[in-house]
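Okay, here's what each chain looks like letter by letter:
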Amino acid sequence: MKIVNIKNFIKNMVLFSGLNDQELLVLAGSLKEETYRPGDLLFEENKPRKDLFIIYKGQVELFKTSELGQEKRLATFYSGDFLGEGSWAESSPHSTSARVVSDTQVFILMKDYFTDKGPQAVKIFSNIIRVISRRMKFANQRIMNSAAQYESGRTRKEHDLLGERDVPFESYFGIQTLRAIENFNISGVRLNFYPKLIQSLVMVKKAAAMANYDLGLLEEPVFKAIIQSCDEIISGRYQFHFVVDMIQGGAGTSTNMNTNEVIANRALEILGYEKGQYQYCHPNNHVNLSQSTNDAYPTGIKLALIYSNDALLIELEKLIGAFRKKAIEFSNIIKMGRTQLQDAVPMTLGQSFEAYAATLDEEVDRLSENVNLFLELNMGATAIGTGINSDPEYSVTVIGHLRNITKMPVVNAKNLVEATQDTGSFVMYSSAIKRLAIKLSKICNDLRLLSSGPRTGINEINLPAMQPGSSIMPGKVNPVIPEVVNQIAFKVIGNDLTVSMGAEAGQLELNVMEPVIVQSLFESIEMLKSGMSTLRSRCIVGITANEDHCRKQVENSIGLVTALNPVLGYETSTELAREALEQNRGVYELVLEKKLLTKKELDRLLAPEYMLKPHKMKL
């Protein structure tokens, strides 16, 4: 490509702001042009940083690989975006990988440039430092996105009902989002903590635009720009600009307007205008056309919860699988079962772990049943369910488009007035999440008891040692993974109470407490996902059994007489139990001493295959 064309391409990039035409020409001449195919890596996690990449054409995704080998996509980059800006002075390796998604052409600025071009390099350094500072500033928001690259200090004026405000020029959100940021600095947990939530809200906006276009309410250029804007956000772009706190007043209006403004401002760019020129594409008049917060917001929430439930079930099923593997591994290890923390009757350690798998397996069905309640929506209800400010055909049309976009069998409620004020589906789903949390906590209680000791407790199993357990007691190792899952369960149970109270607090035609309901549900899901993954990978898969100790406990247990009762009779078994208690001796030992059974007969009765299931009784 000609140097002058490269110069014209890079001159408006914030990374190179401050360079004059001659410096831009020199820079353009220093850039190396490369073409990549889908699947190629621009750079790789844990490999040395070398070059800065500027995307001219194509698409690149940034991703990170977990210690379990799972990939998590962090952002998608397009023409005009850049990656690897830390390469100029960073000696540490890349913390992420960049993979080409489509045929991509890039310009590469190699590290040598920064040592050869002093004055120009200083100008670029200052821009890079601002970029890195911006990214560090928002690192706690957990989203790496190309939008985080830009911060120039410029502003644009916007107005609303309450007056004018200066909005950061690079921000895709507008004045109403700006007011929400100022009003609701509550939890520090923002919309962009939950990418599926953003994607679902934008899917609703996309379906609405398609319905409005079908009904002749949107002109084609605006319609196409809105659709492209929605598709880009759904793919992962601009999510950094969804900055409203999850806890907010206004029944979700701030979330809805944050969504409308980002879509509108990106659409304006697509149309060739600047952000804020709302006469050409307006957040309310065009993006929010035929909608209210009161139907768009809960619809987006319900779709996001369905997607999030899918991810929750994946972690749950992995955990169930881990318990089942342990059940097989421990299937022949005999141990004492206990009721009320007292010796009961023998069982196998495998049966204990299979019971954990079975009880969690039930929750797959419960969660699946309850999440299906979210398939009933209230799109077209607008403010209170009457459909005011929407076309008579809009409700049916938008649901059809939403069904195609989401690939879900969504339907509209029979009574939109009722559906707009009802939060019963959130209550039902929250109860299912709570039930899962309670079961997980009970299992973790068991794991802590069964591993207690190691010298003075039950000590039937060994949990993987994760960290030293005390700052004062050498050699102590605590069951920290089950402990943290217990605490997650407590939080989920508390969140369920919050959901119940929020649902109860609804008044008349709308429940304004939906934001805290939503925040509670998403927090519970995310904590449970992380908790189950941690429990599986850092605890369950590494559990070992103390087989000899388990068998000795059975042989010494008074509870052993229950297994011998059908053979020796109740009176003899009772006498054995009394003597064992009084003399502090084992039942196994006494049976052999009294020659009530031979060792072969006794061992046969205590074999797992005999003792652990019903048998035909003899008179």
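See above for the structure.
Residues numbered from 1 in each chain as written. Predicted model: local features only at pLDDT ≥ 70, side-chain atom pairs only at ≥ 80, totals over all residues. Heavy atoms only, no water.

**Topic: the overall build of the protein chain**
Condition: In DSSP terms, a helix is any run of H or I states spanning at least four residues, a strand is any run of E spanning at least two, and both are numbered starting from the N terminus. Accessible area is worked out with a 1.4 Å probe on protein chains only. A residue is then buried under 20% of its type maximum, exposed over 50%, and partly exposed in between. Here, two residues are considered to be in contact whenever any of their heavy atoms come within 4.5 Å of each other. Residue exposure ignores everything except the shown protein chains as possible cover, and the areas themselves are Shrake-Rupley values with a 1.4 Å probe.
In terms of helices and strands, the protein chain carries 22 helices and 16 strands. Residue burial in the protein chain is summarised as follows: out of 619 residues, 51% are buried. In the protein chain, once contacts between residues fewer than 6 apart in sequence are set aside, the share between residues at least 24 apart is 73%. When the accessible surface of the protein chain is split by element, carbon and sulfur atoms take 53% of a total near 28700 Å².

**Re the environment of Ser-441**
Following the sequence through the fold, Ser-441 ends up in helix H14 (residues 424–450). Sequence separation between Ser-441 and Asn-486 is 45 residues, and the spatial gap between their C-alpha atoms is 4.8 Å. If sequence neighbours within four positions are ignored, Ser-441 has contacts with Asn-486, Ala-489 and Phe-490.

**Some remarks on the side chain of Ser-524**
One can find Ser-524 in helix H16 (residues 514–538). Classification of Ser-524 by relative accessible area gives buried; the value is 3%. Apart from residues no more than four positions distant in its own chain, Ser-524 is found in contact with Ile-433, Val-492 and Asn-495.

**A few points about the packing of aromatic side chains**
Inclusion rule: Centre distance within 6.5 Å is the pairing criterion for rings of Phe, Tyr and Trp, where only the six-membered ring of Trp is used; planes under 30 degrees apart are then read as stacked, over 60 as edge-to-face, and the remainder as tilted.
The tally for this structure, following the rule as stated, stands at 14 aromatic pairs. Measuring from centroid to centroid gives 6.1 Å for Phe-43 and Phe-53, while their planes differ by 40°, and the two rings are tilted. Within this pair, whereas Phe-43 is found in strand E2 (residues 41–43), its partner Phe-53 is found in strand E3 (residues 51–57), the two being separated by 10 residues in sequence. Neither residue differs from the other here; Phe-43 and Phe-53 are each classed as buried.

**A closer look at a nonpolar patch on the surface**
How we decide: A patch consists of residues whose relative accessible area exceeds 30% and which take part in no salt bridge; residues with like charges are grouped when within 9 Å of each other, and nonpolar side chains (Val, Leu, Ile, Met, Phe, Trp, Tyr) when within 5 Å. Here a salt bridge means any side-chain nitrogen of Lys or Arg lying within 4 Å of a carboxyl oxygen belonging to Asp or Glu.
On the surface, a cluster of nonpolar side chains totalling about 220 Å² of accessible area is made up of Ile-3, Val-4 and Leu-25. Along the chain, the position of Ile-3 falls in helix H1 (residues 3–10). Take Ile-3: its relative accessible area is 42%, and that puts it in the partly exposed class.

**Notes on the pairing of strand E7 (residues 97–100)**
Two faces make up the sheet, and in a regular strand the side chains alternate between them. Our working rule: In this scheme, strands are said to pair when DSSP sees at least two bridges between them.
Side chains Ser-97 and Arg-99 project from E7 onto one buried face, and the interleaved Ala-98 and Val-100 project onto a second face that is buried too. Sheet topology places E2 next to E7; 2 bridges connect them, and they run antiparallel. Bridge assignment links Leu-41 to a residue of E7, and that residue is Arg-99. Bridge count for strand E4 (residues 60–65) against E7 is 4 bridges, and the pairing is antiparallel. Bridging from a neighbouring strand, Val-60 pairs with Val-100 of E7.

**Quick notes on the sheet that holds E7**
To keep it simple, the criterion reads: A fitted line through C-alpha atoms serves as each axis, taken over the contacting stretch for helices, and the angle formed by two N-to-C directions is quoted from 0 to 180°.
The strand order across the open sheet built from 4 strands is E2-E7-E4-E5, with neighbouring strands paired in antiparallel fashion. Of all the strands in the sheet, the pair left with one neighbour each is E2 and strand E5 (71–77). Here the average twist between neighbouring strands, direction ignored, is 30°.

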